[in-house]
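# A closer look at the structure
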Amino acid sequence: MVSFKQLVKNPLKALTTGEKSSQDFQPKEFDRHVMTTYGRFPLALTRGAGCRVWDDQGNEYLDMVAGIATCTLGHAHPVMVEAVTQQMQQLHHVSNLYYIPEQGALAQWLTDHSCADRVFFCNSGAEANEGAIKLARKYGHTTLGIEEPVIITANASFHGRTLATITATGQPKYQKNFAPLVPGFHYVPFNDGDALESAIAALNANGPRVAAVLLEALQGEGGVNPGNVQYFKRVRELCDRHNILLIMDEVQVGVGRTGKMWGYENLGIEPDVITVAKGLGGGVPIGAMLCKSSCDVLQPGDHASTYGGNPFVCGVALAVCQTVQSAGLMANASARGQQLRQGLLKLVDAYPQLFEQVRGWGLINGLVLKEDAAIKSIDIVKAAIEQQLLLVPAGPTVVRFVPPLIITEAEIDESLKRLAASINNIV
């Protein structure tokens, strides 16, 4: 395996030849140079194929994290390898000073396969949500005549790590020590239509103030909490009544993860704005904000991104999207998700003192611990590593399962066996 020192000394040679060194990867050496903004598990992953990854010691792991719902086609998928190679050999970056055919092709694919009409490209989910926030504010100023527009978001939501998006995020733990926060946000309980209607009425009591409602179809970081169909139909009706934009944050659930191309398709409504990232590029950094023409208010100079929509990321993302559709991966996500939930429910029955329920759609699922359980989600994640199974928490009481959409029936069974062994070892 390639060592850390080899990568530092001669990265190109080390990566292309796999030259070995007698010195193993050293986390302390890593931490000397990389800011400690992450609580990392003691693994150094160096290679992947399909739904499996290997560490620097050659140990193989079944990956139910997929870069946190990002590696749509798994690792080293032939379609991505070909797309990456072809696009890099052709043209990888020119900036948005010029027309980029690959960007236009991806935008057309996204609008052809969604309710949106126009697309802005960026590099991440937080940036996509930043773009949506700016669009909503300009819409509020120019269309609704609001001097200081307000965006309503949900408690337990997660919309990113920039100052505006942590303010939009309805979780105080992400906002701690980053005041002063960005003004113009108001929080309501998720899946509570009465609370939303009351908030709009109170905020608009002396004239229009609310420009948009920003919600996730399924709250990922907030505990894998799906939206309620009747709630979202009411949200749509309230937005229509007050001429308010409905923005759907699809960063974690978009591009086939729920068994449908978009999370909103599980809810029987259409949003005005959609934000997407993670699975869009299959692991290549790309984000996008999609909107209907009725709220396409951004003009030249209003918003920009140097890297956003470059030929490289758009060429790869288009290949990912086309494969999700042509290879039947949405149907696979639906079937494998049902299989996974059935297996997780058996664990709920087997350990009633620990588990409360299973939540999710398609291949984004959460095993929910009881509030008074003797263990937390992180304990299960750590125990699973010992069984060579990679999982990720979604808060202290939810274990999250977001594998690649290519995962097989046999791999779901294997993951459930390893999970059962992990739980047995810590009970």
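About the criteria used
Once a new chain begins, its residue numbering starts again from 1 and follows that chain's sequence as written. Given that the model is predicted, a residue must reach a pLDDT of at least 70 before its local features are reported, and side-chain atom pairs must reach 80 or more before they are shown or counted; all residues, however, enter totals for whole chains, interfaces and linings. Each side-chain value is derived from all of the structure's non-hydrogen atoms; neither hydrogens nor water enter the calculation. Only one rule defines a salt bridge in this text: a Lys or Arg side-chain nitrogen within 4 Å of an Asp or Glu carboxyl oxygen. Per the convention used, a helix needs a DSSP run of H or I reaching at least four residues, while a strand needs a run of E reaching at least two, with both numbered from the N terminus. Each residue is placed in one exposure class: buried if its accessible area under a 1.4 Å probe, protein chains only, is under 20% of its type's maximum, exposed if it is over 50%, and partly exposed if it falls in between. A pair of strands counts as paired when DSSP detects no fewer than two bridges linking them. Convention adopted: a line fitted to C-alpha atoms gives each axis, helices being fitted over their contacting stretch, and angles between N-to-C directions are expressed from 0 to 180 degrees. Roughly parallel here means an angle under 35 degrees, roughly antiparallel means over 145, roughly perpendicular means 65 to 115, and every remaining angle is called oblique. A clockwise turn of the near helix away from the far one marks a right-handed crossing, whereas an anticlockwise turn of less than a right angle marks a left-handed crossing. Pairs of residues are marked as contacts when any of their non-hydrogen atoms sit within 4.5 Å. Ten residue types, Ala, Val, Leu, Ile, Met, Phe, Trp, Tyr, Cys and Pro, are classed as nonpolar, four, Asp, Glu, Lys and Arg, as charged, and the remainder, Gly among them, as polar. In protein, a polar contact means a hydrogen-donor-capable atom and an acceptor-capable atom, both N or O and within 3.5 Å, with residues adjacent in sequence counting only if both atoms are side-chain atoms; elsewhere, any N or O pair within 3.5 Å suffices. Each aromatic pair joins two rings of Phe, Tyr and Trp (for Trp, the six-membered one) with centres within 6.5 Å, and gets the label stacked for planes under 30 degrees apart, edge-to-face for over 60, and tilted for any other angle. Whether a charge lies above a ring is judged from NZ of Lys or CZ of Arg, which has to be within 6 Å of the ring centre and within 35 degrees of the ring normal.

With that settled, consider the pattern of salt bridges. Under the defined criterion, the tally for this structure stands at 15 salt bridges. The residue E414 makes a salt bridge to R52 at a minimum N-O spacing of 2.8 Å. You can see E414 sitting in helix 14 (residues 409–426) and its partner R52 sitting in strand 2 (residues 52–55), a full 362 residues away along the chain. Look at R52 and you get buried, because its relative accessible area is 17%.

It is worth spelling out the sheet that holds strand 6 (residues 185–188) at this point. Across the sheet, which stays open at both edges, the seven strands sit in the order 4-12-11-10-7-5-6 with mixed pairing between neighbours. Single-partner strands in this sheet number two, and they are strand 4 (118–122) and strand 6. Sheet twist, expressed as the mean angle between neighbouring strand axes with direction ignored, is 20 degrees. When strand 4 meets strand 12 (residues 287–291), the two strands line up antiparallel, connected through five bridges.

In contact at an axis separation of 9 Å, helix 9 (residues 193–203) and helix 10 (residues 229–242) are set at 15 degrees when each is read in the N-to-C sense. Classified by the interaxial angle, the pair formed by helix 9 and helix 10 is roughly parallel. In this structure, the crossing between helix 9 and helix 10 has a hand that is right-handed. Seen from helix 9, the contacting residues are G193, D194, L196, E197 and I200; seen from helix 10, they are Y231, R234, V235, L238, R241 and H242. Taken together, the residues that form the contact of helix 9 with helix 10 break down as five nonpolar, two polar and four charged.

Once that is clear, we can look at the packing of helix 5 (residues 78–90) against helix 11 (residues 311–326). Put simply, helix 5 and helix 11 touch, their axes get as near as 9 Å, and they point 155 degrees apart. Considering the angle they form, helix 5 stands roughly antiparallel to helix 11. In the crossing of helix 5 with helix 11, the sense of the turn from one axis to the other is right-handed. When helix 5 is examined against helix 11, the residues V79, M80, A83, V84, Q87 and M88 are found in contact with a partner set consisting of P311, F312, G315, V316, A319, V320 and T323.

An order of 13-14-17-16 is seen for the four strands of this open sheet, with the pairing classed as antiparallel. Only two strands of the sheet have a single neighbouring strand rather than two, namely strand 13 (355–361) and strand 16 (392–393). In this sheet, strand 17 (residues 398–401) lies alongside strand 16 in antiparallel orientation, the contact comprising two bridges. Each bridged residue has a counterpart across the sheet, and for P393 the counterpart in strand 17 is V399.

Let us now look at the side chain of D272. Within the fold, D272 resides in the loop between strand 10 (245–249) and strand 11 (273–276). A residue is classified by how much of its surface remains accessible, and D272, at 11% relative accessible area, is buried. Within the local environment of D272, its side chain forms a polar contact with the side chain of R236, the two groups lying 3.0 Å apart. Apart from residues lying up to four places away in sequence, D272 is in contact with R236, I244, L245, L246, L290, C291, K292 and C295.

The next thing to look at is the packing of aromatic side chains. Counted under the stated rule, the structure contains six aromatic pairs. The interplanar angle of 75 degrees and the centroid separation of 6.1 Å between the aromatic rings of F190 and F232 together place this pair among those described as edge-to-face. Here F190 is found in the loop between strand 6 and helix 9, whereas its partner F232 is found in helix 10, with 42 residues between them in sequence. Per residue, the accessibility class of F190 equals that of F232, and both read buried. Relative to F355, the ring of Y351 lies with its centre 6.4 Å away and its plane at 90 degrees, an arrangement referred to as edge-to-face. Given the relative accessible area of 14%, Y351 is considered buried. What makes F355 buried here is its relative accessible area of 2%. An aromatic cluster is present here, built from F190, Y231 and F232 joined pairwise through their rings. In this arrangement the basic side chain of R47 is found over the ring face of W54, its NZ or CZ atom lying 4.0 Å from the centre.

Of all seven residues in strand 13, five are buried; the element is thus mostly enclosed. One ladder, built from six bridges, connects strand 13 with strand 14 (residues 364–369); its direction is antiparallel. The partner of G360 across the bridge, within strand 14, is N365. The loop that links strand 13 with its antiparallel partner strand 14 comprises two residues; one of these, G362, has a positive phi angle of about 50 degrees.

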